[in-house]
Amino acid sequence: MATSSDIGSYNRPCGWCVKAVKWIPVLFLLCIIVWSYYAYVVQLCFMIVPNVFEKIIYLLGYHIAFVVFIWSYYQTVFTPVGVVPRKFKLPKVELEKLQQADNEESHRQIIEHFASSLPVTNRTVTGAIRYCEKCHQVKPDRAHHCSVCGQCVLKMDHHCPWVNNCVSFTNYKFFILFLGYALTYCIYIVITSVQYFVQFWKGDLEGMGRFHILFLFFVAAMFAVSLVSLFCYHCYLVVHNRSTLEAFRAPIFRTGVDKNGFSLGAYNNFQEVFGDNRACWFLPVFTSMGDGIVFPQRLVDEDTDQLLGGRQRWSEDESPTHSVRSPQRLIRDREPAPV
């Protein structure tokens, strides 16, 4: 998706060429989807399937899978990424001071002073506030700079060329549903076309339409195999409340590295992405909890917190007396800790 930070580059002749090239994977995928619709509906159901009742059942199930698949894909592609609020951007005066800083310690103090009122807990490997040199702003927790989008993205997971968009806080639920429904779509095609695929190999099918059935079966099976591992991996990430970037490099807090720092338990982690309205869990409508800036974290031991002078320590105790609160309450109760 185009962003305000790269509009200037698109004003150059080559900028629009780059923008067009980024849509090639999406157009390629759409061509495959359109062809699969023709091959299944026209060539298989209308031309080959002999039984009328079987045709109706096949077409009904196919179109249900097709609609939710296309709907979730559309939402993943065209949902704008979450942008970092202006309050995280360094004011002009502070930016000038930062540029004039003659050593790393001065640089660090300027950023820490500015970020003292911001709700940030993640740190760099050196323990400093995370700051984007390109956007000139403090990075909110779980936000990262995307070189393709040209901006910092809230809870960035990864940039996906197949959707020409960043998978992030605003469309992560749609991306998960897209993978799930794409897998369902492919499996449905494989299951309902396998008997006619066997007939093809036996030589019982005639006409050019039989080659559509052959390729339809192989393409659907190939995509299903590739999707199943990706879908299962992202289900694992949802259950553990991690992004792809956090899975490769665990987030760092004031107390150090903690790969489970944002994990609230499997059910609460699921709710953070899919929301608390069960009727909308599997619909491609936005129901994710929070604002993409402040994220609930594991419980803080208040006694230890006081002894450490405000530094946070995440409780490892999962007993009933230290049960995890709901994401809504954690977001409401949590206040920014002093830097």
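Residues numbered from 1 in each chain as written. Predicted model: local features only at pLDDT ≥ 70, side-chain atom pairs only at ≥ 80, totals over all residues. Heavy atoms only, no water.

A.B. asks: Could you give an account of the packing of helix α3 (residues 24–46) against helix α8 (residues 209–240), with specific residues and numbers?
C.D. replies: Describing two packed helices takes the angle between their axes plus the distance from one axis to the other. For the pair α3 and α8, interaxial distance at closest approach is 10 Å and the crossing angle is 130 degrees. On the basis of their axis angle, the class for α3 and α8 is oblique. Helix-helix and strand crossings are classified by hand; for α3 and α8 the assignment is left-handed. Contacts from L29, I32, W35, S36, Y38, A39, Y40, Q43 and L44 in α3 reach G209, H212, I213, F215, L216, V219 and F223 in α8. Here the residues of the contact of α3 with α8 are counted per class, giving twelve nonpolar, four polar and no charged. (Axes fitted to C-alpha atoms, helices over the stretch in contact; angles between N-to-C directions. Helix = DSSP H or I, 4+ residues; strand = E, 2+ residues; numbered from the N terminus. Parallel < 35°, antiparallel > 145°, perpendicular 65-115°, else oblique. Left-handed = near helix turned anticlockwise from the far one by under 90°. Contact = heavy atoms within 4.5 Å. Nonpolar A, V, L, I, M, F, W, Y, C, P; charged D, E, K, R; others polar.)

A.B. asks: Lay out helix α10 (residues 266–274) with the relevant residues and their values.
C.D. replies: Listing the buried residues of α10 in full gives N268, N269, Q271, E272, V273 and F274. Immediately downstream of α10, the backbone of G275 shows phi near 85 degrees, a positive value. (Buried < 20%, exposed > 50% of the residue type's maximum accessible area, 1.4 Å probe, protein only.)

A.B. asks: Any details on unusual backbone geometry? Residues and values, ideally.
C.D. replies: The general pattern is negative phi for most residues beyond glycine and trans for most peptide bonds. Of note in this structure, H136 is not a glycine but carries a positive phi near 55 degrees. Take H136: it is sitting in the loop between β1 (131–132) and β2 (137–138).

A.B. asks: Give a description of the confidence of the model for the protein chain that names residues and reports values.
C.D. replies: Counting all residues, the mean pLDDT for the protein chain is 86, and 84% of those residues have values of 70 or more. Long-range and interchain partners of residues 1–10, a stretch whose pLDDT sits below 50, account for 18 contacts in this model, where long-range means more than four residues apart. The model gives residues 300–339 a pLDDT under 50, and that stretch makes 67 contacts with residues more than four places away or in other chains. (pLDDT = per-residue confidence, 0-100.)

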